[in-house]
Amino acid sequence: MIRLVDLLQERIDYNETARMLVKHYGLRSKVKFGRVKGSNEADYDWVKDVINLKRSYPNVKEFIVSVLHEIDHAQMRKKMGAKKYEHEYTMAGQEAVDNGGDFHDDNFYEEQAERWAQDEYRRKWKRKFR
């Protein structure tokens, strides 16, 4: 019989884990829960440097990949600066629209962030979060 204590020990603290990941990548981004816009798994506010996450995820992998995806956006903002990143992201979104795609889903920076997050999860975090 599974005891409640055993279940609680197996569960990870999403808030603590997200903050640890942000710090691991040398960022100072804030992490907030429950403020995700639309149907996204997470989003990044580059003006305020805030990673917004849903309150719950179907599994740990989806949570970690979502955090890593937003961390990639934060790293790009840190590298380029907020104004340049906003400009470049907007230009990439407009290029996607001009080519018949979606501003967000077909945006170069979204595709790059998703590739990086998936690769980083497999390479670095998969064995640590099971």
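Our structure's up above, just so we're on the same page.
Here is what the cut-offs are and how they apply
- Residues numbered from 1 in each chain as written.
- Predicted model: local features only at pLDDT ≥ 70, side-chain atom pairs only at ≥ 80, totals over all residues.
- Heavy atoms only, no water.
- Helix = DSSP H or I, 4+ residues; strand = E, 2+ residues; numbered from the N terminus.
- Buried < 20%, exposed > 50% of the residue type's maximum accessible area, 1.4 Å probe, protein only.
- Contact = heavy atoms within 4.5 Å.
- Areas by Shrake-Rupley, 256 points an atom, 1.4 Å probe, with all protein chains shown as cover.
- Lys, Arg positive; Asp, Glu negative; His and termini not counted.
- Charge placed at Lys NZ, Arg CZ, Asp CG, Glu CD.
- Pairing = 2+ DSSP bridges.

A. Highlighting the overall build of the protein chain. Summing up its helical and strand segments, the protein chain has five helices and three strands in all. The linear arrangement of helices and strands in the protein chain, starting from the amino end, is α-α-β-β-β-α-α-α. In the protein chain, which comprises 130 residues, the proportion classed as buried is 38%. Residue pairs in contact within the protein chain that sit at least 24 positions apart in sequence constitute 52% of those at least 6 positions apart. For the protein chain, the computed accessible surface area is about 8600 Å², with 49% contributed by carbon and sulfur atoms. Computing the positive centroid from 26 side-chain charges and the negative centroid from 23, the protein chain places the two 8 Å apart.

B. Spotlight on the pairing of strand β3 (residues 50–53). Side-chain alternation along β3 places Val50 and Asn52 on one buried face and Ile51 and Leu53 on a second face that is also buried. Two elements, strand β1 (residues 30–33) and β3, share four bridges in a ladder whose sense is parallel. Residue pairing for β3: Phe33 is matched across the bridge by Leu53. Pairing geometry for strand β2 (residues 42–45) and β3, over four bridges, is antiparallel. The residue bridging Ala42 from the neighbouring strand is Leu53, located in β3. Once β2 ends, the chain turns through four residues before running back antiparallel as β3, passing Asp49 with a positive phi of about 60°.

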